[in-house]
Amino acid sequence: MKEEKVLISTRALTKRFGQKDVLRGIDCDIKVGEKVAVIGPSGSGKSTFLRCLNLLEIPSGGVVSVDGEVLFESELTAKKDNLEAIKKQIKLLISGENSEEVKAHRAEAGELKKELEKTNSLLKEGSTKVKLLKVKLARGTGSVTQEDLDRELANLTSLGERKAELKTRLAGVNAKIKQKKSEAKALLDKDELARLKAAKAEAQEQYLKAKKAHNASMKKTNASIDEHRRNMGMVFQHFNLFNNLTVTENIVLAPLSLGLKDVKAKKKQLLKRKLKGEDVSEQLAALPTKLELAENAKATARRLLKRVGLEDKADVYPSTLSGGQKQRIAIVRALAMNPRVMLFDEPTSALDPEMVGEVLEVIKELAEGGMTMVIVTHEIGFAREVATRVLFIDEGIIKEDAPPAELFGAPKDARLKEFLSKVL
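In this report, we go over the structure that sits alongside the text. (Residues numbered from 1 in each chain as written. Predicted model: local features only at pLDDT ≥ 70, side-chain atom pairs only at ≥ 80, totals over all residues. Heavy atoms only, no water.)

### Digging into the overall build of the protein chain
Okay, so step 1: Secondary structure summary: the protein chain contains 13 helices and 10 strands in total.
Okay, so step 2: Taken over C-alpha atoms, the radius of gyration comes to 32 Å for the protein chain, far larger than the 22 Å a tight globule of 424 residues would show.
Okay, so step 3: Across the 424 residues in the protein chain, those meeting the buried criterion constitute 42%.
Okay, so step 4: In the protein chain, the share of contacts with a sequence separation of at least 24, taken over all contacts with a separation of at least 6, comes to 71%.
Okay, so step 5: Accessible surface for the protein chain amounts to roughly 24,100 Å². Of this, 52% is attributable to carbon and sulfur atoms. (Helix = DSSP H or I, 4+ residues; strand = E, 2+ residues; numbered from the N terminus. Rg over C-alpha atoms; globule rule 2.2 N^0.38 Å. Buried < 20%, exposed > 50% of the residue type's maximum accessible area, 1.4 Å probe, protein only. Contact = heavy atoms within 4.5 Å. Areas by Shrake-Rupley, 256 points an atom, 1.4 Å probe, with all protein chains shown as cover.)

Next comes the structure, spelled out in structure tokens:
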């Protein structure tokens with residue numbers, strides 16, 4: 001049996017926002033005709049993974065390949081992390097923080113700080129309670145006695161003494177840290193420092209090479225990105241329709257714009273050949289006009305609207321449609337580009353429960369038609385029914401990848417078991 005062709009492939013895919021690692025190394029192959037459902041808790045990186053596939057989010061590192069062609073490749077993040085880690089080691093060594101005694105005292109200081117914070121919190125609560133008791137006692141309601149107030153005042157005094165003791169102990173530990181750091185500095189391992197500095201120089205060189213390669217990769221990526229996105233239809237959580245355009249105008253906007261762009265580029269190439277003496281009159285005459293492109297785009301829109309049962313909405317504005325209808329229009333808009341793969345980012349999350357079914361039915365029909373799909377979804381029943389594979393992403397990594405029957409019926413990962421226990 002012939003193996004299906006890999007359409008999209010990622011290797012060691014990472015994405016970082018500031019200091020937060022959202023994706024921490026995703027290896028995934030999506031084959032032609034597959035229906036891949038992506039599930040996982042909120043904030044696990046599911047949507048970011050999807051957006052990295054069509055480069056709406058540029059990855060921080062790793063490889064993204066489409067049809068065997070590398071579209072994005074970078075080791076920049078890994079090389080930078082390695083360099084920063086060595087710098088930190090050098091700083092710890094020089095400062096004396098590497099000393100085991102210093103580490104032990106730091107841990108002790110950390111526990112004392114936690115206890116001090118807890119005591120301060122209790123003091124604040126106790127002080128508020130004392131004020132409240134004094135007010136009630138002054139009113140003479142009988143619900144509060146002097147004994148109650150004296151008890152709380154004694155508790156405040158005890159907490160104050162505890163706070164003073166903790167601060168004294170913390171000051172003593174900090175003094176020990178200072179002393180042990182000085183001793184560690186005096187006994188600095190110069191051979192280890194020399195080794196780390198050599199490693200830093202090598203890491204710096206590797207980082208600069210990776211940065212240069214990353215910049216070159218981005219030039220190639222930016223040149224290919226439009227063509228890449230044409231082959232990937234994207235449907236978002238929210239519909240993102242233009243309210244000042246009719247349904248048909250929303251659908252034909254992108255195909256018409258890109259069609260005109262293609263015609264302009266082809267015409268430019270033909271005119272260059274004409275200047276070199278070639279006869280390109282037939283090719284120039286064969287180029288479609290703007291009117292022809294518009295008519296073709298409208299015909300496609302009508303055909304797709306009929307497919308989703310909304311042909312009667314062709315000339316209305318989005319504001320007159322229900323949420324389910326808007327999302328079906330968003331799907332049609334993506335299909336109008338004739339993509340090779342459809343990406344769905346929680347397409348039903350913004351819908352009322354009664355509208356979810358009509359959108360899922362359209363997606364199911366596309367799946368049955370052989371469309372390659374990647375669907376980020378919380379609709380577990382739908383994923384179980386439609387998907388050929390399910391990915392469970394948590395903490396920025398794929399923790400389980402299996403057919404629906406296996407993943408839902410006999411999950412192996414402990415975190416997946418916990419997740420399913422809450423959603424099934």
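This is not the end of the story, as more comes after the structure.
### Brief notes about helix 2 (residues 76-95)
Okay, so step 1: Here helix 2 is 20 residues long and its end C-alpha atoms lie 28 Å apart, about the 28 Å a rise of 1.5 Å per residue gives.
Okay, so step 2: Listing the buried residues of helix 2 in full gives Leu-76, Thr-77, Leu-83, Ile-86, Ile-90, Leu-93 and Ser-95.
Okay, so step 3: On its buried face, helix 2 sits against strand 1 (6-17), strand 4 (61-66), strand 5 (69-74), helix 4 (146-186) and helix 5 (190-230). (Expected span 1.5 Å × (residues − 1).)

### Some details on the pattern of salt bridges
Okay, so step 1: This model, assessed by the stated rule, comprises 34 salt bridges.
Okay, so step 2: The closest approach of N and O atoms between Glu-418 and Arg-415, which form a salt bridge, is 3.7 Å. Of this pair, Glu-418 and Arg-415 both sit in helix 13 (residues 414-423), 3 residues apart, which is roughly one turn of the helix.
Okay, so step 3: When its relative accessible area of 25% is taken as the criterion, Arg-415 is described as partly exposed. (Salt bridge = Lys/Arg side-chain N within 4 Å of Asp/Glu carboxyl O.)

### What about the layout of surface pockets?
Okay, so step 1: Of the voids in this model, the largest pocket is the one considered here, and its volume is about 570 Å³.
Okay, so step 2: In terms of lining, the largest pocket is formed by 19 residues, of which the most central are Arg-229, Met-232, Met-234, Ala-254 and Met-337.
Okay, so step 3: Of all the secondary-structure elements, those providing two or more residues to the lining of the largest pocket are helix 5, strand 6 (232-235), helix 6 (247-275) and helix 9 (323-335).
Okay, so step 4: By residue number, the principal contributor to the lining of the largest pocket is helix 6, which donates 4 residues.
Okay, so step 5: Of the residues contributing to the lining of the largest pocket, the split by class is 11 nonpolar, 4 polar and 4 charged.
Okay, so step 6: Considered as a void within the structure, the second largest pocket measures approximately 290 Å³ in volume.
Okay, so step 7: Counting residues per element, the lining of the second largest pocket draws most heavily on helix 6, which supplies 9 residues.
Okay, so step 8: Looking at the lining of the second largest pocket residue by residue, the class counts come to 12 nonpolar, 3 polar and 3 charged. (1 Å grid on protein atoms, 1.4 Å probe; cavity = no way out; pocket = protein on both sides within 12 Å on 5 of 7 lines; lining within 4 Å. Points joined across faces, edges and corners; volume = space filled by probe spheres on them. Nonpolar A, V, L, I, M, F, W, Y, C, P; charged D, E, K, R; others polar.)

### Re the nonpolar core
Okay, so step 1: Counting 37 residues, the largest nonpolar core has Ile-331, Met-342, Phe-344 and Met-373 as its most contacted members.
Okay, so step 2: Of all the secondary structure elements, the ones that give two or more residues to this core are helix 6, helix 8 (290-307), helix 9, strand 7 (341-345), helix 10 (353-368), strand 8 (372-376) and helix 11 (380-386).
Okay, so step 3: Leu-23, Met-232, Val-341 and Val-376 belong to the second largest nonpolar core, which has 28 residues in total. (Core = buried A, V, L, I, M, F, W, Y, C linked by side-chain atoms within 4.5 Å.)

### Digging into the sheet that holds strand 5
Sheet strands pair via backbone hydrogen bonds, and the direction of the pair is either parallel or antiparallel.
Okay, so step 1: Strand order in the open sheet formed by 4 strands is 2-1-4-5, with antiparallel pairing between adjacent strands. What marks the edges here is a single partner per strand, and that holds for strand 2 (20-31) and strand 5. Sheet twist, expressed as the mean angle between neighbouring strand axes with direction ignored, is 10°.
Okay, so step 2: For strand 1 and strand 2, the ladder comprises 9 bridges, and the chain directions are antiparallel. If you follow Thr-14 over to strand 2, its bridge partner there is Arg-24.
Okay, so step 3: Strand contacts of helix 1 (residues 46-53): strand 1, strand 2 and strand 4, with the helix running at about 125° to strand 1, the strand carrying the most contacts.
Okay, so step 4: Contacts from helix 5 reach strand 4 and strand 5 within the one sheet, and its direction differs from that of strand 5 by about 140°. (Pairing = 2+ DSSP bridges. Axes fitted to C-alpha atoms, helices over the stretch in contact; angles between N-to-C directions.)

### Let's talk about the packing of helix 9 against helix 10
Okay, so step 1: Between helix 9 and helix 10, whose axes approach to 8 Å, the crossing angle comes to 20°. Put simply, helix 9 runs roughly parallel to helix 10. In the crossing of helix 9 with helix 10, the sense of the turn from one axis to the other is right-handed. Between helix 9 and helix 10, the contacting residues are Gly-323, Gly-324, Gln-325, Gln-327, Arg-328, Ile-331 and Leu-335 on the first element and Met-355, Glu-358, Val-359, Val-362, Ile-363 and Leu-366 on the second.
Okay, so step 2: In terms of residue class, the contact of helix 9 with helix 10 is made up of 7 nonpolar, 4 polar and 2 charged. (Parallel < 35°, antiparallel > 145°, perpendicular 65-115°, else oblique. Left-handed = near helix turned anticlockwise from the far one by under 90°.)

### Digging into the packing of aromatic side chains
Okay, so step 1: Following the criterion strictly, the structure yields 1 aromatic pair and no others.
Okay, so step 2: Taking the ring centre of Phe-17 as reference, the NZ or CZ of Lys-15 above it sits at 5.0 Å. (Phe/Tyr/Trp six-rings, centres within 6.5 Å; stacked < 30°, edge-to-face > 60°. Lys NZ or Arg CZ within 6 Å of the ring centre and 35° of its normal.)

### Brief notes about the environment of Leu-253
Okay, so step 1: Within the secondary structure layout, Leu-253 lies in helix 6.
Okay, so step 2: In this structure the C-alpha to C-alpha distance between Leu-253 and Ala-336, which are 83 residues apart in sequence, comes to 9.8 Å.
Okay, so step 3: Once you skip the residues sitting within four places of it in the chain, Leu-253 turns out to touch Phe-242 and Leu-245.

The values are spatial; any link to function lies outside them.
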